[in-house]
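Survey of secondary and tertiary structure
Residues per chain are reported as follows:
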Amino acid sequence: MSDYTLYTYFRSSCSGRLRIAFNLKNLEFKPVYINLLQGEQSSDEHRALNPSCTVPLLICHNDADLRIGQSVPAPEVDEDDMEAVDRETYKAREWDDFKDENRRGAGNTMNMG
Ligand SMILES: N[C@@H](CCC(=O)N[C@@H](CS)C(=O)NCC(=O)O)C(=O)O
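Residues numbered from 1 in each chain as written. Predicted model: local features only at pLDDT ≥ 70, side-chain atom pairs only at ≥ 80, totals over all residues.

As for the site of the ligand
Lining the immediate environment of the ligand, one finds Ser12, Ser13, Cys14, Leu36, Gln41, Cys53, Thr54, Val55, Pro56, Gln70, Ser71 and Val72. In terms of residue class, the shell around the ligand is made up of six nonpolar, six polar and no charged. (Near = placed C-beta within 6 Å. Nonpolar A, V, L, I, M, F, W, Y, C, P; charged D, E, K, R; others polar.)

A word on the pairing of strand 1 (residues 4-8)
Summarising burial for strand 1: four of the five residues are buried, a large majority. As paired strands, strand 1 and strand 3 (residues 57-60) are joined by four bridges and run antiparallel to one another. Across the sheet, residue Tyr4 finds its bridge partner in strand 3, namely Cys60. Sheet topology places strand 1 next to strand 2 (residues 30-33); four bridges connect them, and they run parallel. Its bridge partner lying in strand 2, Tyr7 is registered against Val32. (Buried ≥ 20, exposed ≤ 12 C-beta atoms within 10 Å, placed from the backbone. Helix = DSSP H or I, 4+ residues; strand = E, 2+ residues; numbered from the N terminus. Pairing = 2+ DSSP bridges.)

Notes on the sheet that holds strand 1
Strand order in this open sheet of four strands is 2-1-3-4, and the pairing throughout is mixed. Unpaired on one side and paired on the other, strand 2 and strand 4 (66-68) mark the two borders of the sheet. Looking at each pair of strands side by side, their axes are set apart by 20° on average, direction ignored. (Axes fitted to C-alpha atoms, helices over the stretch in contact; angles between N-to-C directions.)

Examining helix 1 (residues 13-24)
Side chains of residues three or four places apart in an α-helix project in the same direction, reflecting 3.6 residues per turn. An ideal rise of 1.5 Å per residue puts 16 Å on twelve residues; helix 1 measures up with 16 Å between its terminal C-alpha atoms. The complete set of buried residues in helix 1 reads Ser15, Leu18 and Phe22. Each buried residue of helix 1 sits inside an arc of 60° when the element is viewed along its axis, so together they form one side. Exposed side chains of helix 1 directed beyond 90 degrees from the buried face belong to Ser13, Ile20, Asn23 and Leu24. Residues of helix 1 that are buried make contact with strand 1 and strand 3. Backbone geometry just after helix 1 places Asn26 at a positive phi near 55°. (Expected span 1.5 Å × (residues − 1). Arc of directions from axis to C-beta. Contact = placed C-beta atoms within 7 Å.)

Read these as geometric descriptors, not functional statements.
Structural data, given as structure tokens:
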């Protein structure tokens, strides 16, 4: 079973945002298609899961079936790996140091005082 179930619809741009994020992160999800044109978002079954009667709805089975009904924070579900966050922070700092030590272009030199 996949760690994630995504209630989605192909014409929903909010759902598309999640599908793109999950594909970029190579995360698998089980899609459940909710036909908005036929009003399936307002069914009793879907309302019980997501009282806002919208898609997307993401269910995280690896986190006590946590339900996320907002498409903006949902792509961050796998970003609790603080070691990975630290690695990215150090990489960004090294890149900043490199740019400071290798100034090029008037915009950069003028900003450096
Ligand atoms: N704030 C929500 C909005 C979700 C939303 O409005 N979804 C639309 C599709 S993009 C929807 O399900 N509409 C169904 C309706 O209005 O009945 C998000 O960004 O996830």
